[in-house]
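Single-letter residue listing:
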Amino acid sequence: MIEMQEVFKKYPNGVTAVNGIDVRINQGEFVYVVGPSGAGKSTFIKMMYREEVPTLGTIMVNGVNIAKIKPKKIPLFRRNLGVVFQDFKLLPTLTVYENIAFALEVIEAQPKFIKKRVMEVLDLVNLKHKARMLPTELSGGEQQRVSIARSIVNSPKVVIADEPTGNLDPETSWEIMNIFDEINTRGTTVVMATHNKEIVNTIKHRVIAIESGKIVRDEQRGEYGYES
Amino acid sequence: MMSRGVNTGMKARTLTRHARESLKSISRNGWMTFASVSAVTVTLILVGVFFVIMMNLNRVAQTIEGDVEIRVHIDVAANKQDQENLKKQIETLSEVKSITFSSKKQELNNLIKSLGTEGKAFKLFEQDNPLNDVYVVKTKNPTDTMKAASKIEKMNYVSKVMYGQGQVEKLFKFIKASRNVGFVLIIGLLFTAVFLISNTIKITIIARRREIKIMRLVGATNNFIRWPFLLEGLWLGILGAILPIILITIAYSNAYDYLAPKLKGNFIQILPVDPFMYQISGILILMGAVIGVFGSVMSVRKFLKF
Ligand SMILES: Nc1ncnc2c1ncn2[C@@H]1O[C@H](COP(=O)(O)OP(=O)(O)OP(=O)(O)O)[C@@H](O)[C@H]1O
Ligand SMILES: [Mg+2]
């Protein structure tokens, strides 16, 4: 569960990117975050995984107030959520398998468990047969599938995605959306910032619209609501 | 039982991983690795030479220290009672450790003995001894010699006070001065070496920024991220210590083989190669390691802030 109360974020350069947000996202929900460019969507999302710290307010994620969390506890907190980016953020020198295993190795999981779990998530994103390839040998959609696989390899309660289809063609975007839907069906909360009108209007979920750092609309099974 | 076995296995595996990562960047950083290892090498050669000289000088100083004494020549006019009073006065000085009486007859015998065959000529003086009775005074601390001597000089029935004639003081001054110069030089060099290492590590970190970012996103602890960089610094420092150890050991062994026979019978000795070179090697490796780890701590710190 994610709950924000009276959250403000003012960057050191004086820009107020989030200007008083109250929101509650329950376990298992699927939420689209929409809004014009520069509205504060990425800032809103970054505060959920403690990439940015709010200037004011409380943010409860999985029972922890991450506005006040001690730096030492951040790593453990992050093991309970997955993050997916527009630019995939894969390591170019590691194979598909290694990229995913990496996320478990650096938290010192057992080798046996790593093997089993990596194969599981590779299966989920349908890339078992490309496990030994390098990211550069894959299409954009396949790379994003690897990055999604990496984000869920820890079995997180929440997956946060910032424009995961931003770099992909429409057809590939649908594949990626289906994977997120599948992850959500298995009980994981998904929060996704997106500019993809067609997807938001087709695969219906809760829509939170942000403009100038404020929530201007919050609807279950909402519409995208902007001209794309 | 079960979980204990699992835990130790995990640690060894993690350590292997960190070691592998650190060696990878050492070979990848090429010229920067070379530059920082060279900086450590130059620093440690100078540190090593400095230590070798200082420790030998200290040893000489210690040998001499044990030998420093003040010879108080007693005025011929002094009678037994006056001599006793003088002795008591000297004994009350806080610097004084011991005082022994040496009669003029003993003094003459010592002189004759020390001069060997030529000394026989002095036998003539046995009838009419021109020497004085002497108090031989030792101080608790060799650096107090001068202070004690000047106090004794002012006492009654003291005709003359003799001590190391400034040799000891000169040696101590020299040791002190070279120690200070050496320290300044070495501290400057240490900073340079630390700076170069921290720069090398910074390059590694920048090359791995992406990797570190992902590690932090998926919940790796700072310690886990830090380890490979600390090890890299450690290797750079230890690599930098190898050449200094080899060079200094060879040079010192040769110097020792050359000097030791010449100093035979002399009370001044230089430190034997074994164990001295083992101690110096230990010091140099330790210093290299400290320089390296310190350098990497400096550059890692700011990358791991949340
Ligand atoms: N690190 C930063 N430092 C300073 N200002 C920032 C920073 N990140 C974002 N901003 C500013 O905060 C505001 C909101 O930016 P944010 O990235 O959250 O918008 P967004 O809704 O994600 O936009 P887009 O749809 O283009 O991704 C913008 O005015 C932006 O310039
Ligand atoms: Mg954005």
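Quantities reported herein were computed from a predicted structural model and do not represent experimental measurements.

(A) Seen up close, the layout of surface pockets. Taken as a whole, the largest pocket encloses approximately 430 Å³ of empty space. Around the largest pocket sit 16 residues that line it, and Thr93 and Leu94 of chain A together with Glu21, Lys24 and Glu211 of chain B are the ones nearest its centre. Counting only elements with at least two residues in the lining of the largest pocket, the list comes to helix H3 (96-105) of chain A together with helix H1 (2-28) and helix H7 (209-217) of chain B. Counting residues per element, the lining of the largest pocket draws most heavily on H1 of chain B, which supplies five residues. By residue class, the composition of the lining of the largest pocket is five nonpolar, one polar and 10 charged.

(B) The site of ligand 1, seen in detail. Residues and elements named next belong to chain A. In the region of ligand 1, 14 residues are neighbours, and Ser37, Gly38, Lys41, Ser42 and Thr43 sit closest. Take lysine 41: an N or O atom from its side chain is 2.7 Å from an oxygen atom of ligand 1. Of the residues forming the shell around ligand 1, the biggest block, three residues, is contributed by helix H1 (residues 41-48). Per-class residue counts for the shell around ligand 1 are five nonpolar, seven polar and two charged.

(C) A look at the packing of aromatic side chains. Residues and elements named next belong to chain A. Overall, the coordinates contain eight aromatic pairs over all chains when judged by the stated rule. Between phenylalanine 30 and tyrosine 32 the ring centres are 5.3 Å apart and the planes differ by 55°, which places this aromatic pair in the tilted class. Note on tyrosine 32: relative accessible area 0%, which makes it buried. Consider the rings of tyrosine 224 and tyrosine 226, whose centres lie 5.8 Å apart with planes at 75°: the pair is edge-to-face.

(D) Quick look at the nonpolar core. Counting residues in each nonpolar core, the largest one holds 93 residues, and the members touching the most others are Tyr32, Val34, Ile100, Val106, Val118, Phe180 and Met192 of chain A. Among the elements that take part in this core, helix H2 (residues 31-65) of chain B stands out by supplying 12 residues, more than any other. Judged by nonpolar contacts, the second largest core, of 31 residues, contains Ile66, Ile74 and Ala193 of chain A together with Leu217 of chain B.

(E) Focus on the environment of glycine 233 of chain B. Mapped onto the elements, glycine 233 of chain B comes out in helix H8 (residues 222-262). A C-alpha to C-alpha distance of 62 Å links glycine 233 of chain B and lysine 154 of chain B, two positions 79 residues apart in sequence.

(F) Structural detail: the pairing of strand E8 (residues 189-193) of chain A. All names here are of chain A. Counting buried positions along E8 gives five out of five residues, so the element sits mostly inside the fold. Residues of E8 alternate between two faces, with Thr189, Val191 and Ala193 on one and Val190 and Met192 on the opposite face, all of them buried. The pairing of strand E3 (residues 30-34) with E8 spans four bridges and is parallel. By the bridge assignment, valine 31 is partnered in E8 with valine 191.

(G) Region of interest: unusual backbone geometry. Cis geometry is adopted by the peptide bond preceding proline 275 of chain B, which originates at aspartate 274 of chain B and carries an omega value of 15°. Structurally, proline 275 of chain B is set in helix H9 (residues 273-301). You will see that serine 212 of chain A, though not glycine, has its phi angle at about 45°, which is positive. Among the secondary structure elements, serine 212 of chain A is positioned in the loop between strand E9 (206-211) and strand E10 (214-219). Classification of serine 212 of chain A by relative accessible area gives exposed; the value is 61%.

(H) Representation of the sheet that holds strand E4 (residues 56-61) of chain A. Residues and elements named next belong to chain A. Strand order in the open sheet made by the four strands is E2-E1-E4-E5, with antiparallel pairing throughout. One side of each edge strand has no neighbouring strand; the edge strands of this open sheet are strand E2 (16-25) and strand E5 (64-65). The sheet contact formed by strand E1 (residues 2-10) and E4 spans five bridges and is antiparallel. Residue pairing for E4: methionine 4 is matched across the bridge by isoleucine 59. H1 contacts E1, E2 and E4 of the sheet and is inclined by roughly 55° relative to E2.

Conventions adopted
Per-chain numbering applies: the sequence of each chain, read as written, is numbered from 1 onward. As a convention, the first chain written is A and the first ligand written is 1, with the rest following in written order. Residues qualify for local features only when their pLDDT is at least 70, as the model is predicted, and side-chain atom pairs are given and counted only at 80 or more; totals for whole chains, interfaces and linings, by contrast, use all residues. To get the side-chain values, take all heavy atoms of the structure and skip hydrogens and water. In this analysis a 1.4 Å probe is tested at points of a 1 Å grid over the protein atoms alone, and where it fits but cannot get out there is a cavity; an open set with protein on both sides within 12 Å along at least five of seven lines is a pocket; lining residues have an atom within 4 Å of a point. Grid points are joined across faces, edges and corners, and a volume is the space filled by probe spheres set on the points. Helix and strand labels come from DSSP, where a helix needs a run of H or I of at least four residues and a strand needs a run of E of at least two; each type is numbered from the N terminus. When residues are grouped by polarity, Ala, Val, Leu, Ile, Met, Phe, Trp, Tyr, Cys and Pro land in nonpolar, Asp, Glu, Lys and Arg in charged, and all others, Gly among them, in polar. Working definition: residue near molecule or strand if any one of its non-hydrogen atoms lies within 4 Å of it. Polar contacts here mean pairs of N or O atoms no more than 3.5 Å apart (in protein, one a potential hydrogen donor and the other a potential acceptor; neighbouring residues in sequence count only if both atoms are side-chain atoms). The pairing test for Phe, Tyr and Trp rings, Trp by its six-membered ring, is centres within 6.5 Å, and the orientation test on the planes gives stacked under 30 degrees, edge-to-face over 60, and tilted for anything in between. For the exposure calls, accessible area comes from a 1.4 Å probe over protein chains only, and a residue counts as buried if that area is under 20% of its type's maximum, exposed if over 50%, partly exposed in between. By nonpolar core is meant a set of buried Ala, Val, Leu, Ile, Met, Phe, Trp, Tyr and Cys residues that side-chain atoms within 4.5 Å join together. Only when DSSP finds a minimum of two bridges between them are two strands counted as paired. We call two residues in contact whenever any of their non-hydrogen atoms come within 4.5 Å of each other. Axis geometry follows a simple rule: fit a line to the C-alpha atoms, using only the stretch in contact for helices, then measure angles between N-to-C directions, giving values from 0 to 180 degrees.

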